[in-house]
Every structure is written in C-alpha cells, then in structure tokens.
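# Notes for the structure review
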Amino acid sequence: MRVLGIETSCDETGVAIYDEHQGIIANLLYSQIELHREFGGVVPELASRDHIRKTLPMIDEALLASGSKPEDIHAIAYTAGPGLVGALLVGASIAKSLALAWNIPSLGIHHMEGHLLAALLTDNPPDYPFVALLVSGGHTQLMACHEPENYDLLGESQDDAAGEAFDKVARMLGLPYPGGPAIADLATEGKAARFSFPRPMTSKPGLDFSFSGLKTFTLNTIASLKVLSQQDKADIAVAFQEAVVDTIRIKCERALAATGMNSLVIAGGVSANVALRESLNHLSARLHCQVFYPDFRLCTDNGAMIAFAGYHRLSKGHREDLAINVKPRWPMVEL
Ligand code: KG4
Ligand code: ZN
C-alpha cells in the first residue's frame, strides 16, 4: 500500500509517498521562507499562491523519484487543519481532485497528529501510552496519548506558542525568520549567566504554558540596553532559550508524574532545538523514562508525516467523501 501525502498548512509545501513495506520512498519539501522573509512572518495570501505553483509539479516529481505511477497510489492524505485557510484549501482541492481522477480515497489529516506520528517514523517507535509535547509555531500542547487516535489534552499555551515566541524574540533581535534556528545558533555564543529570565507559570501547579510575558520581559531587557552589541544579543538569546527550555522541561516532568506514564514524545518544529533535546535527555536519565524525537528533517513541516498519518488512518478504515472541507481551527482532542 502506498499513500501520497500533501502538506500545505503554512509556509512549506511538502509532498511525500509512504510505502507500507519500504517506509518513506519520496519526500520533497519546498520552503517559502525566502518569500516571506522581508515581511518578518508568513503572509497568508502569498503562501496560498505559492502552494498553487508548487504542489502539482512536486507530486509529479515524487512519483518519478519513487518510481511510482498513479495506479500504485492507494490513497491521498492532505493536511485538513489547523492552519491558514487559503493554504489548506490548496492542498485539499488538489488532493480531492486527484482522488476523484485516480478513483482512490482521500484523507484529511490533523497537522499536529502528523507531527506527533513523525516521531513514530523510526525503527524503534515508542509504545503507547505516552505523554506527547507538541511544540510548533502555532501550538504548545501536552497530550496524554493512550492509544492511536485517543488523545487527552493535559495543558496548552494560553497565549503564544513556543515557536511563535522564538520567532517574535528573533525579530526583536533583528534576526531572520524563522526565529527558532536563528536564536539557537546565536545562543551558542551567549553567556548564560548574564541574564536570568522568568520561567512562566512554573511556580503554581498546572500544565498550561504562557510565553507572552517572557516575550515582554525580553523586550524590556532589550530596551534597558539601548544599543545592542552582538554579544548582548547572544546573551539575550541564550537567556531566552534557557527560559523556554526550562519551562518546557518542568511541565514535561509534571505531565509524566500526573499521568504515571514513562515515555515522552516531543514533536513539532521546536523539537529540533538541541538545547531542548539536551535538557529532556537529562530529565529522562534522571526519571528513568524514555524520550523520543522525530528525525531532525521531520521536526518541521513536511509531507512525510502527512503520508504516514494517512497510512495509519487508511489502515483503520477511515474514508471521506469528495467535499472540500478544511478546519483552520481544529482541537486535536476532537479526533
Ligand atoms: O512545526 P513547524 O514547522 O510549523 C508549525 O506547525 O508551526 O514549526 C515551526 C516553528 C517556528 O516557530 C520555528 O521558529 C520553530 O518551529 N523552530 C525552532 C527550531 N527550528 C524550528 N525553534 C527552536 N529551535 C529550533 N532549532
Ligand atoms: Zn507544523
């Protein structure tokens, strides 16, 4: 069985093919980062138009690269939400049209479930149940994952997502978009002891997050310095990153304790952060639990996670009609 996956929820066009025996046999990614860079963030209309230009040629390329013909594809999975409505509609329309033309099923995938399942795309995947931390540009959520498709929300950000906070702080420091990798790079040159940033919502019990106060604290620190040297920027970057990482680590530890689970799965763009991985690796050694991450290239948006999620849903008998429906807002617990 082969499933074609299409990801167009934001600023990456991802097209991939998952084969049940061989795994991912094609995985193409086109990033719109350059297109949006001058605006410091994603411009939704530009994103939709670019997905229109890229998706079909990339599907041709994926078929060619994997030696597949349309008749070898058994289903088409696409990201149905959450995400930018116009961008989602491009992927959904193309998926549904091809499904009609090729007479095969189409499956709308929840983007965050795609991220979650990317961590299972390995030779040694975690067993259910586990705690999942989904950290991306749009979401920061702790989930209790009891079995496939059975997830409970434990806590989430009350305001900015962790990735969004990285992006906004990067902008304050004059760093390019996306901010996460830029801050992580600069932080390697920073002196961690110079500033002490708050760990929001950690002094009281609970599993929710809030990053907007930390963002304001960073802005105030920048304002207090007036002129920023390269070293100031690096010192702020490392202090900010440590605050985010530490906050996430504290909440993960609480979530493991609250659920009694002993596996932790981290997914989403921010799971590529090396300082976060180091901190969670220490946590897992201390608690004697296991921590799982997606392959680095599968942390940020990609088509492989959508193809793989589509394969899971298809094997469980999920099917949908040809109506084009996307869900820009879609809580994962509704799955
Ligand atoms: O999952 P993703 O590709 O898209 C969404 O679903 O939002 O995540 C993108 C987010 C951006 O905010 C980006 O700055 C952040 O992930 N990110 C990182 C790193 N790589 C990407 N944040 C921190 N450290 C990184 N190395
Ligand atoms: Zn994503």
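Residues numbered from 1 in each chain as written. Chains lettered and ligands numbered in written order. Predicted model: local features only at pLDDT ≥ 70, side-chain atom pairs only at ≥ 80, totals over all residues. Heavy atoms only, no water.

### Thoughts on the side chain of Ser 9
Summarising the element assignment, Ser 9 is placed in the loop between β1 (2-7) and β2 (12-19). Taking relative accessible area as the criterion, Ser 9 reaches 3% and is therefore assigned buried. Once you skip the residues sitting within four places of it in the chain, Ser 9 turns out to touch Thr 79, Pro 82, Gly 83, Leu 84, Ala 87, Leu 88, His 111 and Asp 301. (Helix = DSSP H or I, 4+ residues; strand = E, 2+ residues; numbered from the N terminus. Buried < 20%, exposed > 50% of the residue type's maximum accessible area, 1.4 Å probe, protein only. Contact = heavy atoms within 4.5 Å.)

### Section: the sheet that holds strand β9 (residues 263-267)
Taken in spatial order, the 5 strands of this open sheet run β8-β7-β6-β9-β10, and their pairing is mixed. Looking along the sheet, the strands with just one partner apiece sit at the ends: β8 (150-156) and β10 (290-292). Along the sheet, successive strands turn relative to each other by an average axial angle of 25°, direction set aside. Taken together, the 3 bridges between β9 and β10 define a ladder with parallel strand orientation. Note that in β10 the partner of Leu 264 across the bridge is Val 291. (Pairing = 2+ DSSP bridges. Axes fitted to C-alpha atoms, helices over the stretch in contact; angles between N-to-C directions.)

### A short note on the environment of Glu 320
Of note, Glu 320 is situated in the segment after α10 (303-315). It is 33 Å that separates the C-alpha atoms of Glu 320 and Ala 162, two residues lying 158 residues apart in sequence. Excluding residues within four positions of it along the chain, Glu 320 makes contact with Tyr 78, Lys 96, Ser 106, Leu 107 and Gly 108. Engagement of the side chain of Glu 320 in a polar contact is seen with the side chain of Tyr 78, the distance being 2.5 Å. A distance of 3.1 Å separates a polar atom in the side chain of Glu 320 from the backbone nitrogen of Gly 108. (Polar contact = N/O pair within 3.5 Å; in protein donor to acceptor, adjacent residues only side chain to side chain.)

### Re the site of ligand 1
Surrounding ligand 1, one finds 19 residues, the nearest of these being His 115, Gly 137, Asp 167, Gly 180 and Asn 273. A distance of 2.9 Å separates an oxygen atom of ligand 1 from a polar atom in the side chain of His 115. At a separation of 2.8 Å, an oxygen atom of ligand 1 approaches a polar backbone atom of Gly 137. In isolation ligand 1 has 550 Å² of accessible area, and contact with the protein removes 88% of it. Those elements that place two or more of their residues in the shell around ligand 1 are α4 (111-118), α5 (162-172) and α6 (179-187). (Near = heavy atom within 4 Å. Areas by Shrake-Rupley, 256 points an atom, 1.4 Å probe, with all protein chains shown as cover.)

### Side note on the coordination of the zinc ion (ligand 2)
Distances from the zinc ion (ligand 2) to its protein donors, His 111 (NE2), His 115 (NE2) and Asp 301 (OD), fall at 2.0 Å. Along the chain, the residues donating to the zinc ion (ligand 2) are arranged with the sequence spacing H-x3-H-x185-D. Within this pair, whereas His 115 is found in helix α4, its partner Asp 301 is found in the loop between β10 and α10, the two being separated by 186 residues in sequence. Considered together, His 115 and Asp 301 belong to a single accessibility category, that of buried residues. (Donors = N, O, S within 2.8 Å, 3.2 Å for Na, K, Ca; no water.)

### Quick notes on the state of the cysteines
Evaluated as defined, the whole model comprises 0 disulfides. Counting only cysteine sulfurs, Cys 299 is the nearest neighbor of Cys 10, a cysteine outside any disulfide, at a range of 16 Å. Looking at Cys 10, the relative accessible area reads 22%, which means it is partly exposed. Just so you know, Cys 289 is unpaired, no disulfide at all, and the nearest cysteine sulfur is the one on Cys 252, 9.3 Å from it. Taking the relative accessible area as the measure of exposure, Cys 289 reaches 11% and is therefore buried. (Disulfide = S-S within 2.5 Å.)

### Let's talk about the side chain of Gln 141
Along the chain, Gln 141 falls in strand β7 (residues 140-147). Among the polar contacts listed, one links the side chain of Gln 141 to the side chain of Glu 156, at a separation of 3.3 Å. Those residues in contact with Gln 141 that sit more than four places away from it in its chain are Ala 132, Leu 133, Leu 134, Leu 153, Gly 155 and Glu 156.

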